[in-house]
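Observations on chain architecture
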Amino acid sequence: TGGGMDVFMMYHGNLGNQGMKKWHTRLQIFMLFFIETTSYIQEDDPIWEIGVLVKRSVIQGRLVAQTCGYLTLYSFFKWPDSNILRLSQILLFPPFQRQGLGGELVKKVYKLAEDKDYKYVLIEDPSDACQQLRDFIDLQLCVEEKFFGADLSEMRNPRHRRQNFQDVLTEG
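Every residue gets a number counted from 1 within its own chain, in the order that chain's sequence is written. For this predicted model, a pLDDT threshold of at least 70 governs which residues receive local features, and a threshold of 80 or more governs which side-chain atom pairs are given and counted, while totals over whole chains, interfaces and linings are taken from all residues. The basis for the side-chain values is all heavy atoms of the structure; hydrogens and waters are excluded.

The subject of this paragraph is the overall build of the protein. When its secondary structure is counted, the protein shows 4 helices and 5 strands. Each helix is a run of H or I in the DSSP string that is no shorter than four residues. Each strand is a run of E no shorter than two, and both are numbered from the N terminus. Reading the secondary structure of the protein in the N-to-C direction produces β-α-β-β-β-α-β-α-α. Only protein chains enter the area calculation, which uses a 1.4 Å probe; residues under 20% of their type maximum are buried, those over 50% are exposed, and those in between are partly exposed. Looking at the protein residue by residue over its 172 residues, the buried ones come to 30%. When contacts within the protein are restricted to residue pairs at least 6 apart in sequence, those whose partners lie at least 24 apart make up 61%. Two residues form a contact once any of their heavy atoms are found within 4.5 Å.

Moving on, we get to the packing of helix α2 (residues 101-115) against helix α3 (residues 128-144). For any two helices packed against each other, one specifies the crossing angle of their axes together with the interaxial distance. Where α2 meets α3, the axes come as close as 10 Å, and the angle between the chain directions of the two elements is 65°. Handedness of the α2/α3 crossing: right-handed. When α2 is examined against α3, the residues G102, G103, V106, K107 and Y110 are found in contact with a partner set consisting of L133, R134, I137, D138, Q140, L141 and E144. In this analysis, axes come from line fits to C-alpha atoms, helices being fitted only over the stretch in contact, and the angle between any two N-to-C directions falls in the range 0 to 180 degrees. By definition, any crossing whose near helix is turned counterclockwise from its far helix by less than a right angle is left-handed, and any crossing with a clockwise turn is right-handed.

Another point: the layout of surface pockets. Cavity means a closed set of points on a 1 Å grid over the protein atoms alone, one where a 1.4 Å probe fits but cannot get out, pocket means an open set with protein on both sides within 12 Å along at least 5 of 7 lines, and lining means a residue has an atom within 4 Å of a point. Grid points are joined across faces, edges and corners, and a volume is the space filled by probe spheres set on the points. Empty space within the largest pocket amounts to approximately 1000 Å³. I90, L91, S127, A129 and C130 are the residues nearest the centre of the largest pocket, which is lined by 35 residues in total. Secondary structure elements with two or more residues in the lining of the largest pocket: β4 (82-92), α2 and α3. Ranked by residues supplied to the lining of the largest pocket, first place goes to β4 with 7 residues. Split into classes, the residues belonging to the lining of the largest pocket amount to 17 nonpolar, 12 polar and 6 charged. Size it by volume and the second largest pocket reaches roughly 290 Å³. Along the wall of the second largest pocket there are 13 residues; nearest its centre are Y110, K111, A113, E114 and L141. Residues are grouped as follows: Ala, Val, Leu, Ile, Met, Phe, Trp, Tyr, Cys and Pro are nonpolar; Asp, Glu, Lys and Arg are charged; all remaining types, including Gly, are polar.

Moving on to unusual backbone geometry. Notably, R98 is not glycine yet its phi reads approximately 65°, a positive angle. Tracing the sequence through the fold places R98 in the loop between β4 and α2. Even without being glycine, D117 reaches a positive phi, approximately 60°. Mapped onto the elements of the fold, D117 is located in the loop between α2 and β5 (120-123). Using a relative accessible area of 63% as the deciding quantity, one classes D117 as exposed.

Here the focus is the nonpolar core. Nonpolar cores are built from buried Ala, Val, Leu, Ile, Met, Phe, Trp, Tyr and Cys residues. Side-chain atoms within 4.5 Å join them into one set. I50, V52, L73 and L85 are the most contacted members of the largest nonpolar core, which has 33 residues in total. Every element with two or more residues in this core is listed here: α1 (18-34), β2 (49-59), β3 (62-78), β4, α2, β5 and α3. Take this core: its biggest share by element is 7 residues, from α2. Those residues in contact with V52 that lie beyond four places of it in its chain are M9, M10, Y11, M20, W23, L27, T67, G69 and Y70.

Let us now look at the side chain of Q28. Tracing the backbone shows Q28 in helix α1. The contacts of Q28, once residues within four sequence positions are left out, are Y40, E43 and Y70.

Moving on to α3. Across its 17 residues, α3 extends 24 Å between first and last C-alpha, which sits within 8% of the 24 Å expected from 1.5 Å per residue. Within α3 the residues assigned to the buried category are C130, R134 and I137. Projection of α3 onto a plane perpendicular to its axis shows the buried side chains occupying an angular sector of 65°, all on one side. Residues of α3 that are exposed and point over 90 degrees away from its buried face: D128, A129, Q132 and F136. At its buried positions, α3 is contacted by β4, α2 and β5. A helix is expected to span 1.5 Å multiplied by its residue count minus one. Directions drawn from the helix axis to the C-beta atoms are what define this arc.

Structure representation (C-alpha cells):
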C-alpha cells in the first residue's frame, strides 16, 4: 500500500436493511464456490444477519476498499429463556486467509453475541478447519480470561513447555 495503513472493518446488519441485502445478494454465490455443504439462506427472513469484512487501503493517494470475507448469522429463541446466535456460514476469500482474519471474525461474532445478551454461539455444521479455528479461539479466550486459574503466558516459551511436559512424564 502506498502511503498508509490497511484497516479492516466488519459491516454488520440484517436482511431487513436494503444495503446489507444487496451486499448479500452479490456475495452469496461465493459461498457455493468455496463451501462444500452450503446453500442459500432465506432472503425474505429479516432475522438473518450479515457481516462483511472489508479492507480499506490508500493506494497511490486513493481510498480502495476490498471485500475480504462474509458471514451469515441467525438468532433464535431456545425455551425457556435463552437467545442463541448461530454462525451459519463464514468465508474468507483465499488472498485473505492465513492472516488471522478468520479468528478476528469469530471474536467479533462472540462480542456481538455478548453485547446482545445471547446465551451462546453455535457454528452450523463446521468444516474441520472451521472447528479447529473455533477451538483455537475458545482456548485463546480461556487463557486470556484466566479461566484455568493461572497465568499460562509462560507456556509460550518452548523450553518451558518441553520442561513442563517432561515433568508430567516423570510424575506418571
